[in-house]
Amino acid sequence: MGHLPSKEVQKRLEEEDWDGLYPRLLHYAISLMSNRKWPGGHPPGAVEAEDLVQEAINSIFTGINQWNRQKHPDLEVVLKGIIKSKLSSIVELKDNQTR
């Protein structure tokens with residue numbers, strides 16, 4: 001468990017245009033997932049693109065993943081990185097289970 005985001009980051013998260021950002025993140029996650037060949041046509045644990053997006057957003061709000069606004073000011077880029085990392089973890093898990 002991480003540390004809760006600073007008040008500044010919390011305020012920025014609350015002000016975010018989630019109605020605009022969420023569909024872009026979902027499209028990104030769908031694109032990443034569709035580029036993979038999954039046994040049975042689905043990722044392990046029946047993970048969906050929406051799950052990855054929700055987990056990424058939640059990880060910023062809860063502080064599991066820290067957002068350094070000075071270093072990485074674009075929240076969309078940060079969240080896409082978290083989504084890609086989560087998907088990579090799923091792929092590694094799948095690869096380890098088949099060895």
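Here the structure is shown first, and the text comes after it.
Everything numeric here is computed off the predicted structure, so don't read it as measured data.

Visitor: Let's hear about the overall build of the chain: which residues, and what values?
Guide: Helices and strands together make up the secondary structure of the chain, namely 4 helices and 0 strands. Across the chain, helices and strands are ordered from the amino to the carboxyl terminus as α-α-α-α. Dimensions along the principal axes, computed over C-alpha positions, put the chain at roughly 45 × 30 × 20 Å. Going through the 99 residues of the chain one by one, you find that 34% of them count as buried. For the chain, the proportion of contacts with a sequence separation of at least 24, taken over those separated by at least 6, is 76%. Looking at the chain as shown, the accessible area adds up to about 6600 Å², and 51% of this sits on carbon and sulfur atoms.

Visitor: Outline the packing of helix 2 (residues 18-34) against helix 3 (residues 49-62), supporting the account with residue identities and numerical values.
Guide: Helix 3 packs onto helix 2 with a crossing angle of 125° between their chain directions and a minimal axis gap of 8 Å. One element, helix 2, and the other, helix 3, form an angle in the oblique class. Note on packing geometry: the crossing formed by helix 2 with helix 3 is right-handed. Packed against helix 2, whose contacting residues are Trp18, Tyr22, Leu25, Leu26, Ala29, Ile30 and Met33, the element helix 3 presents Ala49, Glu50, Leu52, Val53, Gln54, Ile57 and Phe61 at the interface. Broken down by class, the residue content of the contact of helix 2 with helix 3 amounts to 12 nonpolar, 1 polar and 1 charged.

Visitor: I'd like a description of the pattern of salt bridges, backed by residues and values.
Guide: Tallying each qualifying case throughout the model produces 6 salt bridges. One salt bridge connects Arg69 with Glu8, and the closest N-O pair in it is separated by 3.0 Å. Taken together, the positions of Arg69 in the loop between helix 3 and helix 4 (75-97) and Glu8 in helix 1 (residues 7-15) put the pair 61 residues apart, joining distant regions of the chain. Residues participating in the shared-partner salt-bridge network are Arg24, Glu76 and Lys80.

Visitor: Lay out helix 3 in plain terms, naming residues and giving numbers.
Guide: If you check helix 3, its first and last C-alpha atoms are 20 Å apart, about what 14 residues at 1.5 Å a residue would give, namely 20 Å. Burial in helix 3 covers these residues: Ala49, Leu52, Val53, Ala56, Ile57, Ser59, Ile60 and Thr62.

Visitor: I'd love a proper account of the environment of Glu8, names of residues and values included.
Guide: Overall, Glu8 belongs to the partly exposed group, its relative accessible area being 45%. Residues Glu8 and Arg69, 61 residues apart in the sequence, show an inter-C-alpha distance of 9.3 Å. The residues contacting Glu8, other than those within four sequence positions of it, are Arg69 and Gln70.

About the criteria used
Residues numbered from 1 in each chain as written. Predicted model: local features only at pLDDT ≥ 70, side-chain atom pairs only at ≥ 80, totals over all residues. Heavy atoms only, no water. Helix = DSSP H or I, 4+ residues; strand = E, 2+ residues; numbered from the N terminus. Buried < 20%, exposed > 50% of the residue type's maximum accessible area, 1.4 Å probe, protein only. Contact = heavy atoms within 4.5 Å. Areas by Shrake-Rupley, 256 points an atom, 1.4 Å probe, with all protein chains shown as cover. Axes fitted to C-alpha atoms, helices over the stretch in contact; angles between N-to-C directions. Parallel < 35°, antiparallel > 145°, perpendicular 65-115°, else oblique. Left-handed = near helix turned anticlockwise from the far one by under 90°. Nonpolar A, V, L, I, M, F, W, Y, C, P; charged D, E, K, R; others polar. Salt bridge = Lys/Arg side-chain N within 4 Å of Asp/Glu carboxyl O. Expected span 1.5 Å × (residues − 1).

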